[in-house]
Each structure stands twice: as structure tokens, then as C-alpha cells.
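If you want the building blocks of each chain, they are given just below.
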Amino acid sequence: MSEEVKNDIKLPTGKRLVLSSSPHISTSESVRKIMLKVLLAMVPVCAAGVWFFGLRALWVIVFTTACCVGAEALWCAMTKKPVLATIRDCSAAVTGVLLALNLPAGVPFYVPLIGAFLAIWLGKQIFGGLGHNPFNPALVARVGLLIAIPAAMTSWTPPRGMDQNYPELKEFRASVDATTCATPLGVAGQRPKLTDRTTAARINFSKLASGRLLLRFFWGVRGGCIGETCVPALLLGGLILFAFNLINWRVPLCFAGTVALFTGIVNICWPGVTPPPLFHLLTGGLLLGAIFMATDMVTCPITGSGCVVFAIGCGIITSVIRIWGNYPEGVSFSILFMNALVPLIDRWCTDRPFGYVRKRKSEVRK
Amino acid sequence: MTFEGGIHPADSGKVLTDNRPTLTPPVLERYQVLLCENVGKPPKPVVNVGDQVGKYQLIAAADGFVSANLHSPTSGKVVKIGDVPGPMGIPAPAIEIEADGEDASAETFPGLAGWRDADPKELVKRLADCGLVGMGGASFPTHVKLSPPPDKKVDTLILNGAECEPFLTADHRLMLERPRDVITGAEIMARILGVDDVNIGIEINKRDAIESLETLAEGTKVKIIPLMVRYPQGSEKHLIQAIAGREVPSGGLPADAGCVVQNVATAAACTDAVLRGLPLVERIVTVTGEIVCRPGNWKLKIGTPLLEALRLAGGVTEEPGKIIFGGPMMGFAQRSLEVPISKNTSGILLLTREEALRHRSTSCIRCGRCVQGCPMHLASCLLATAIENGRWDLALQNHVMDCIECGSCAYVCPAHRPLVQLMRSAKMELRKKR
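Just so it is clear, the structure is predicted and the values come from calculations on it, not from any experiment.

In this section: the pairing of strand β1 (residues 30-34) of chain B. Residues and elements named next belong to chain B. The buried count for β1 comes to four of five residues, which makes it a mostly enclosed element. Alignment of β1 against strand β7 (residues 91-99), held across five bridges, turns out to be antiparallel. Across the sheet, Q32 pairs through a bridge with E96, a residue of β7.

Quick look at the structure:
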């Protein structure tokens, strides 16, 4: 490149000027940076999982993530897509960690392996890769595994601190063997039908929802998946996501709020059918789902109003499954179901464009 | 005060030039005054090759109502009337003047010291005579803007001092250096429109300009309105929403919301025209960029070639990858160094080759940042997908025609999709089909 030099001033030659239409600058944010921030937000949850369920949980997280990245690389190699460029966006790693957080700590090695292929291949790549998947890949894998190998997916490792200080739940653990434990929701799920109004058939939920027990649930001392038990870690992760503008706050708030409202109404109107709302909020995968799964950018609506509709739908379906369904937990199903409705929600819940306000007489002063 | 949506371009780049006082460069050898610089019909040349012209002499007369007069930026000889490289990438007709270096003024118009009592029609005629056009970007003839159709009741005048484009500081310097002319210009325009509600909207990052204007505005009907720093605060529609609290209806003009918006530089030019009788032949231009040796503001004559402006700025430290007329968000990339500046060139921005070729676009991850950032509240990413798939019907149904092409969507997109570019192409396509 030769530069014209005149009077010691270097002037441009005007050669090789890039011509493109505006804007000529853009944000330094990238998909990779977004995914790395999501991974960062999951660190507290992973740490809590490892603290409560031991090093085995760490192994599951690392192994699942590796499997997901491997599955993505394999797919790209097979379909002749750029392998490194695809892995570099870190979306497979995010899916991997999310899937691991949805697995019990004691799962046999083949569960994450199958799960990774379900998530990356069936959940994401067959639709065209990142950005084109209608369903949350990690949830596709979780639900697939839950239906295919339910036993492995519901053998819960007892968390640290459970045996010494958990007399309330021991009562419910009579039929469960020593190395596993029941989840609070699983226990509450052994409930009568709504129509069965005899007092004897009703579970005394007051024991399940005593203040002391709820406090322990809050800290995470309960059976469950690696990432779903510790509420403070989940909230911290949610705050990180929110601070980085990675999630729409309406989703977790409306999701949890709807569940609280719905179960609250049922709890008051039909006593003995379901535990109080606080129990529902603190148990199962509700917060993990509401904060990390339902908020997934690719599979949730793009407008604020759409997010509200989406989250309320998730909340209602979760509550219905928890109260009347055959599964004790309904978070994954509800999110997947609402994922399917997102294109419709996007179409209906659009913002009012600027300049489409109805003319009011007060608009023109004088 | 502000509007909903919009973005915060991370590094606004204004620090490069916002403390550089405007300098007046010596007269150059040659100026190429573009004929087709304003929206509407280009004016017709009234001089011939070989004619001697004086500074401020009329060289091209307005052709019809929506057209503006053109005056010679300096004294000298008309050497050519023909095509030169234009700012839109295609050759454009221009009048080339060889300066004699005297910069001798031809006869100008008499100053209208009594403008406060003057007939508004006379004032409008003066602005038309002096060839005033909007200096913010669109170059709409000022006299047309100040003559709203009689069925529209205009009760508010807004001067745009937002200067929300990153890097540009020309309007900022103007407000600091000629605050009295800005206020007087506002009063003249208010007199023409017969309105009492006169506002100057300025983003609060120009605190010094707000203060100096506020002091001078005391005792007049001009109000200084500090605005939040947010792009595109300087968009006509959003300025009206922020200041008057009204929305310009879709497809409408500011007059439909009872407002007229003018740039602060236009207001200062207005004062020149009315008080001093001077036609518009020069403007403040920000020459800037990290690779410019001495970035700053210059009072350049219309028709100054791009290369000469760069020479004033001390040249460059490395070969630029992109040269832009205007700001980085809505400016136009130039292909030739010979392109002359015109009445609406607010800045010349140089970017490095790395900056120009930084990003590759990938798939949409539906993060919704474009939707949050769209000042028109459009579902940008869905629109872009519809356009990519050739679904013009969907694009139209989702209000693509309301896009103001501010580029906020493309700026914030982490996948670096060419969102606004797709909107532009769709708008062009749909206009063709109509």
C-alpha cells in the first residue's frame, strides 16, 4: 500500500476503501460473549450442586458438557460445517451445563451421553443449529431421558446435611432405599385426587411445609437434580443474568408468580390437595426452570408482553401438572409446551409501533 | 426527557473533538459546489464557464418550490459545470470554481434589523434567497419546512441540538461559539411560524452548551430542554415525543403533530441570512477518527473536497478502511477522496480497516436486543427474517415502512446481522412495487 506524502503529511490514497451502508460501528458484544456470561451465571449454581451432592456432581457437569460439545463437533464434522467456529460460540457448552444441572448427581455415565445427543442433535442441530431450535435443547434431553429411563433420572442422591437434620422427611422415606432419597415434591405428589374429599385420604401438608423445613429447602438441603436445590445460588445466577441483560425479568417473575398464585388459590379453596405456595416455589425445578430454562433467548418470545404471556402459560401448566398430573414435577413439560407456542405469541404480542396512537382531541392544543 | 427504546453506543468518540474550537482554514484553489445537494429538485446553474463570480453570488437558482438556491463559496472563476464524484457513490453535477484567493464578497442582501416587526413572508423569502437547507442531514429546503400547509396547526418549534451521532461535535461547537445566533435564529423561525412554544433540545452530555444557551435564553420565549443521552435522540419524531410529548402519526410529518423541527446549525444560518444578509456558503464540519492526526472542527466552505479537509486535519496515521460523510450510525461511506462537502455534511469520519471489516454475521439468537433498541418499537429480528425469506407481505404487515433506518438494531445485534440494511432493501423493494 503506497501512501502519498506531501509536506510531511500522510494523506490516504483512497484505495481499498470499504463501501457499505450504515451503521458503520457496532457493539463489541457477540454470541460467544453472551454464552460465556451465561456460563458465568451458572457457576454459583454448579458450585452449590457440588457442595451439596459431592464431587460426583462435578463429574456429571464436566462429563455432560464434554459430551454436548463432542456431539456438536461430531454433527458439524458429519454435515461438513465449520467445527471450530461452531464450538467457539460456546452454545453447546451452555446446553451441556444446563442439562447437567437437570440431572441427579448419581446418574450412570450413559445418561449424560444419551442426553447430550438428544440435546444437541434432536434438540438443536436438526432444526438448523443455534438460533433455529424451537425447543430448549437441554429440556428436550431432560424430558427424553425422563420418559425413556425414568429410574435413572429419579434416583436422588441425598444432599449433604440431610441425614442428620432431616427427621421430617425420614418419615416419608420409609420405602426408599438407603442410598437414595425422595424429593419433597415426590412426597407431596403421593396425594389424593381432588374429588376424594375424605379427611383420611388427605396428606397433612403442615408437616411438609413447616417453617424450619422450608428454610432448609431454601438453602438447598433436599433431594433433587444437581442444579435445582440451592435457592440462593439460583437467585444469584438470575441476578447475574439480569445484570448482563441476558434474560427478560418478566419470565422468572411471572412464572414463579403464577405458580404461587395458582397453587395458593387451590391450597385455600381445596385444603389438603396441594401444599402451600411457598412449598411449591422452593421445591422441584421451578426456580431452575424459571431462571435458567424458560429464559433461554432462542426459545422465549422477543417482546416484553410476549414474555408475560409465555411465563404465565408456563406457570399454569406447571401448577396443573404438579397438582393433578401423574408426574410430581411439571416445569420441563410446561416450558417445552410453551416453547411450541412462541411463534404464535411472537405474532400476537407485538409492541404498538411508534406513531400508531389513536388521535385524541387534546393532542392539538389551543 | 427522552423516548422509549434506543441504544447507548458504547464509545461515543466525541472526546476527540468536543474541546477543539472551530478553525477557519485559508482559501483553497478550487471548490466543487454540488448542485443536487438538497432534497427536491436540483437548482439550475445561472452562471457559465468562464464567468467571474464573487463570494455569496448566486450561481444556481432554485427550480420550483422544493429546491434551494446555491451561492459561490468564494470569489473566482467558474471553470467547469459537470459531473464530479458524488457523496452517494455516483457522479453528481457540480459547479467548479477556481478561487482567486481574494475571497471578495459580491453584493449581499441588506440586513433586516427590524425582523421582529417584519412580515413573516418577507423573512421566508429571505431564507429562500439565501439558499438555506436543513443542515442536520436531510437538507430539506428550510423555507419549505417553515411553510406548513394551512390545514396543519403548528404550535411548537423545536430546534435539534441533540447531536446524538457518536463522534460528531459540529453542532456542539456551534452552540458554544455562536449561542446568540442560535437563539436569534430560533426567534426568527418562531416569528415566521407564529408560534410561542420554542424549544431547543440538547443532550445532557453537552452541559456547557446547555448552560451558555440558558443564560442567553433568559427573557426570551426560547426554552432549553436537556435531553437524556440516547441514540437516536436527534430523530425528528423522537425529539418531538421527548419535548412535546406527541407522537407523529405513522406516515405523517412533524406538522401532523403540530411541530416543526430544525437543526441548530440551520438556526444560526437563519440569523446570518436575516440579520447580515449572508447566503449559506459554509458550515462547521467535524473531521475525526482515531487515525486522524489532528481531529477537530473546521468552518469549511461548501464544495471543499474531502481530501483537502483531511489535509487540514494533518492527514492520517494509517490508511483508512472507510471514510464516512456524517456520523457512524447513519452516515454514508465514500469511495472517492474528491467528493466535495455540501450543506448537510456534519462530519467526516475515518475508520481503520479492522473497524470497517470487523464482524461476520451469524444466525439470530433471538436475544431481542434489536426489539428493545428499536425507537419505532418494531420487531426488527422477525422483520429481517421475513425479508430474508422474501415475505414482503409479512414485512409490510409488521410495519417495515415505519423504520426510520437509524441503525440501532444493527448496532446492538450480537450476531451482527445486517438488520437495518435488510429493512432498507425491503423499503426500496416495496416502494417500487407500489
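Read on, since the account is not over.
All names here are of chain B. Strand order across the open sheet formed by five strands is β13-β12-β16-β14-β15, with mixed pairing between neighbours. Here the strands that pair on one side only, and so sit at the sheet edges, are β13 (296-301) and β15 (332-333). Across four bridges, the pairing between strand β14 (residues 322-325) and strand β16 (residues 347-351) is antiparallel. Counted as the bridge partner of I323 is L350 from β16.

Residues and elements named next belong to chain A. Annotation of chain A at the domain level lists domain 1 (31-153) and domain 2 (192-346). Between the C-alpha centres of domain 1 and domain 2 there is a distance of 22 Å. Across the contact, 33 residues belong to domain 1 and 27 residues belong to domain 2. Going through the elements one at a time, α1 (31-53), α2 (55-78), α4 (91-101) and α6 (137-148) are the ones with two or more residues in the side of domain 1 that touches domain 2. Broken down by element, the residue count for the side of domain 1 that touches domain 2 peaks at 14 residues, all from α1. Class assignment of the residues belonging to the side of domain 1 that touches domain 2 gives a composition of 26 nonpolar, five polar and two charged.

Now for the confidence of the model for chain A. Residues and elements named next belong to chain A. With 84% of its residues at a pLDDT of 70 or more, chain A has an overall mean of 85. Confidence over residues 171-179 falls short of pLDDT 50; this stretch has six contacts with residues more than four positions distant or in other chains. In this model residues 192-201 is a low-confidence stretch, pLDDT under 50, and it forms six contacts with partners more than four residues away in sequence or in other chains.

On to helix α7 (residues 264-275) of chain B. Residue and element names in this part refer to chain B. Between its first and last C-alpha atoms α7 spans 16 Å; for twelve residues at 1.5 Å apiece the expected length is 16 Å, and the two agree. Among the twelve residues of α7, eleven are classified as buried, and the element is accordingly described as predominantly covered. Once α7 finishes, G277 follows within two positions and takes phi at roughly 70 degrees, a positive value.

So, about the interface of chain A and chain B. With 45 residues of chain A at the contact, the number on the chain B side is 66 residues. Broken down by secondary-structure element, the contributors of at least two residues to the side of chain A that touches chain B are β2 (9-11) and α1 of chain A. Ranked by residue count, the leading element in the side of chain A that touches chain B is β2(A), at three residues. Across the side of chain A that touches chain B, the residue classes break down as 20 nonpolar, 16 polar and nine charged.

Turning next to the domain arrangement of chain B. Residues and elements named next belong to chain B. Each assigned domain of chain B is listed here: domain 1 (1-24 + 108-358) and domain 2 (369-433). Taking only C-alpha atoms into account, the centre of domain 1 sits 27 Å from that of domain 2. Of the residues contributing to the side of domain 1 that touches domain 2, the split by class is seven nonpolar, five polar and one charged.

Bringing the environment of G131(B) into the picture now. Residues and elements named next belong to chain B. For G131, the location among the structural elements is in the loop between α1 (120-129) and α2 (142-145). G131 sits in the buried class, given 30 other C-beta atoms within 10 Å. Sequence separation between G131 and P141 is ten residues; the distance between their C-alpha atoms is 7.6 Å. In contact with G131, other than residues within four places in its own chain, are A68, N69, L70, H71, P279 and L280.

All names here are of chain B. As judged from the nine bridges shared by strand β6 (residues 76-85) and β7, these two strands associate in the antiparallel manner. Bridge pairing in β7 links G82 to A94. From the end of β6 to the start of β7, which pair antiparallel, there are five residues, and G89 there has a positive phi angle of about 90 degrees.

All right, on to the sheet that holds strand β2 (residues 44-45) of chain B then. Residues and elements named next belong to chain B. Spatial ordering of the open sheet is given by β2-β4-β5, a layout of three strands whose pairing is antiparallel. Taken across any chain shown, the strands that pair with only one partner, and hence form the sheet edges, are β2 and β5 (70-71). Here two bridges tie β2 to strand β4 (residues 58-61), and the two strands are oriented antiparallel to one another. Bridged to K44 within β4 is A61.

A few words on α2(A). All names here are of chain A. The terminal C-alpha atoms of α2 lie 34 Å apart, and with 24 residues this matches the ideal 34 Å at 1.5 Å per residue to within 8%. The secondary structure elements touched by the buried residues of α2 are α1, α3 (83-88), α4 and α5 (110-124). Directly beyond the C-terminal end of α2, a positive phi value near 60 degrees is found at K80.

Reading the values: rules and limits
- Residues numbered from 1 in each chain as written.
- Chains lettered and ligands numbered in written order.
- Predicted model: local features only at pLDDT ≥ 70, side-chain atom pairs only at ≥ 80, totals over all residues.
- Buried ≥ 20, exposed ≤ 12 C-beta atoms within 10 Å, placed from the backbone.
- Helix = DSSP H or I, 4+ residues; strand = E, 2+ residues; numbered from the N terminus.
- Pairing = 2+ DSSP bridges.
- Domains from an automatic or database assignment.
- Contact = placed C-beta atoms within 7 Å.
- Nonpolar A, V, L, I, M, F, W, Y, C, P; charged D, E, K, R; others polar.
- pLDDT = per-residue confidence, 0-100.
- Expected span 1.5 Å × (residues − 1).

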